[in-house]
Amino acid sequence: MPPAGRDQLRPMQRLVRIMAVLDQAGSQGATREKLIEVADYGDADPGTQLAKDLRHLREQGWQIDNLAGVGESARYRMVTGDNRLRLSLTATQLGALQRAVIMTERSDLATSLGVREASLPEGVGTHVLPRVPDTQLSQVLQAVRLACLVRFSYKGTARVASPAAVRFQDHHWYLTALEDAGDVVKHFAVNRMSDVVLDRPGTAAAVPQAVPLTLHPLQWEVDEPTRVVVRTPADYVPDVERWLQAPDAARPGDGWVDLVYTVTNRAAFRSRLYVLGTRVVVREPDDFRAELLAELRALVGEAGA
């Protein structure tokens, strides 16, 4: 990782851009020239800087191979391996990493790269399948790099936002941005964005970096905040708080407790409710209850297929 005394955000964003290109390139790999272009090293020795960045990624557990033969121009492919990350970061470096990219364990990386592990013979290493080009990801990376105002549609609503960073988290890429006339930094799932248009370079407003990005999925600002109330027997409150974190408020009753949460990642919250099972009952709101029931019916249908 870059030295602790230097600005950490720019190097981390550069690594994100390199990873995005390698991710999209799949089994075909990306040329040395392409990686140098997207890294935008400026006046620095690009070959040496790229070698350093690839070494940083390898040290963090990412397997990056050079597919080129002797005497050929380098072509790099990112594949999975036994890559439980060996991170030893300062607080400054961790903050920059959270703003730029979240690196996951092997199972998450395999899913995000489209690796079909079940199709491989036992003992054979995983391989990477070609990826479909993600134009939205390329555009938002460009927007961050050039400070372009971004116009896009998200959940049926037209948005205008100033980008701050792009990161990989929970199998998806997210754009951290400040909406026009807003005061809360939000995180938009890139694959849910459509009709993405960039304004001229330099049109984006400065985005405050004081809002930290958390590693905990329940705190990711993927959805509009929703107030959810779950009821649990008093004896199970420690279990519920272990899975759902501490609530905004607790309302004790006759042998049970209503716990109030502000949910900004509905999918992550639902998945943890399923782990808790009958220990909890969702009291409100009705639309979240309906969402739970619909997903459970779909899961039952898939299981019976």
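Described below are features of the structure shown in this document. The structure presented is a predicted model; accordingly, all values stated were derived computationally and were not measured.

1. Some words on the overall build of the protein chain
Helix and strand content of the protein chain: nine helices and twelve strands. Counting every position in the protein chain, which comprises 305 residues, the buried fraction comes to 45%. A sequence separation of at least 24 residues applies to 61% of the contacts in the protein chain between residues at least 6 apart. With the model as given, the accessible surface of the protein chain reaches about 15,600 Å², and the carbon-plus-sulfur share is 51%.

2. Regarding the packing of helix 2 (residues 32–39) against helix 3 (residues 46–59)
The geometry of helix 2 relative to helix 3 is characterised by a closest axis approach of 10 Å and an angle of 90 degrees between their N-to-C directions. The orientation of helix 2 relative to helix 3 falls into the category roughly perpendicular. Across the interface between the two elements, Arg32, Leu35 and Ile36 from helix 2 touch Pro46, Gly47 and Leu50 from helix 3. Residues of the contact of helix 2 with helix 3, tallied by class, amount to four nonpolar, one polar and one charged.

3. Considering the pairing of strand 10 (residues 249–252)
Where strand 10 and strand 11 (residues 256–263) come together, four bridges link them in antiparallel fashion. In the sheet register, Ala249 faces strand 11, and the bridge partner there is Val260. Taken together, strand 10 and the strand that follows it, strand 11, pair antiparallel across an intervening segment of three residues, in which Gly255 is found at a positive phi of about 85 degrees.

4. Considering the pattern of salt bridges
Counting across every chain of the model gives 16 salt bridges. Measuring nitrogen to oxygen at the nearest pair gives 3.6 Å for the salt bridge that ties Glu224 to Lys186. With a gap of 38 residues between them, Glu224 in the loop between strand 8 (193–198) and strand 9 (226–233) and Lys186 in strand 7 (residues 185–189) connect regions that are remote in the sequence. Overall, the relative accessible area of 23% leaves Lys186 in the partly exposed class. Notably, a salt bridge pairs Glu295 with Arg270, separated by 2.8 Å at the nearest N-O pair. With Glu295 in helix 9 (residues 286–304) and Arg270 in helix 8 (residues 266–276), this residue pair connects regions lying 25 residues apart in the sequence.

5. A look at the pairing of strand 9
One face of the sheet, then the other: side chains in a regular strand alternate in exactly this way. Note: strand 9 against strand 11, eight bridges, orientation antiparallel. The residue bridging Thr232 from the neighbouring strand is Val257, located in strand 11.

6. A short note on the nonpolar core
The nonpolar side chains of a soluble globular protein tend to be buried, and buried together. By size, the foremost hydrophobic cluster in this structure holds 25 residues, and its most contacted members are Leu137, Phe152, Val166, Trp173, Leu175 and Met193. Of all the secondary structure elements, the ones that give two or more residues to this core are helix 1 (9–25), helix 6 (135–146), strand 4 (150–154), strand 5 (157–169), strand 6 (172–179), strand 7 and strand 8. The leading source of residues in this core is helix 6, at five residues. Counting residues in hydrophobic clusters, the runner-up holds 21 residues, among them Met12, Ile18, Leu35 and Ala39.

7. Details of the sheet that holds strand 12 (residues 281–284)
Strand order in the open sheet formed by four strands is 10-11-9-12, and the pairing between neighbours is antiparallel. Both edges of this open sheet fall to strand 10 and strand 12, since each of them pairs with a single strand only. Within this sheet the neighbouring strands show an average axis-to-axis angle of 30 degrees, counted without direction. Strands strand 9 and strand 11 of the sheet are contacted by helix 7 (residues 237–244), whose axis makes an angle of about 10 degrees with strand 11. In the packing of helix 8 onto the sheet, the strands contacted are strand 9, strand 11 and strand 12, and the crossing angle to strand 9 comes to about 10 degrees.

8. What to know about a nonpolar patch on the surface
There is a patch of nonpolar side chains on the surface, built from Leu293, Leu296 and Leu299 and spanning about 240 Å² of accessible area. Topologically, Leu296 is positioned in helix 9.

9. Remarks on the side chain of Arg159
Residue placement: Arg159 occurs in strand 5. Among the polar contacts made by the side chain of Arg159, one reaches the main-chain carbonyl oxygen of Tyr154 at a distance of 3.4 Å. Not counting the four nearest positions on each side in its chain, Arg159 is found in contact with Val150, Arg151, Phe152, Tyr154, Glu179, Lys186, Phe188 and Glu224.

Basis of the calculations
Residues numbered from 1 in each chain as written. Predicted model: local features only at pLDDT ≥ 70, side-chain atom pairs only at ≥ 80, totals over all residues. Heavy atoms only, no water. Helix = DSSP H or I, 4+ residues; strand = E, 2+ residues; numbered from the N terminus. Buried < 20%, exposed > 50% of the residue type's maximum accessible area, 1.4 Å probe, protein only. Contact = heavy atoms within 4.5 Å. Areas by Shrake-Rupley, 256 points an atom, 1.4 Å probe, with all protein chains shown as cover. Axes fitted to C-alpha atoms, helices over the stretch in contact; angles between N-to-C directions. Parallel < 35°, antiparallel > 145°, perpendicular 65-115°, else oblique. Nonpolar A, V, L, I, M, F, W, Y, C, P; charged D, E, K, R; others polar. Pairing = 2+ DSSP bridges. Salt bridge = Lys/Arg side-chain N within 4 Å of Asp/Glu carboxyl O. Core = buried A, V, L, I, M, F, W, Y, C linked by side-chain atoms within 4.5 Å. Patch = residues over 30% accessible without salt bridge, like charges linked within 9 Å, V, L, I, M, F, W, Y side chains within 5 Å. Polar contact = N/O pair within 3.5 Å; in protein donor to acceptor, adjacent residues only side chain to side chain.

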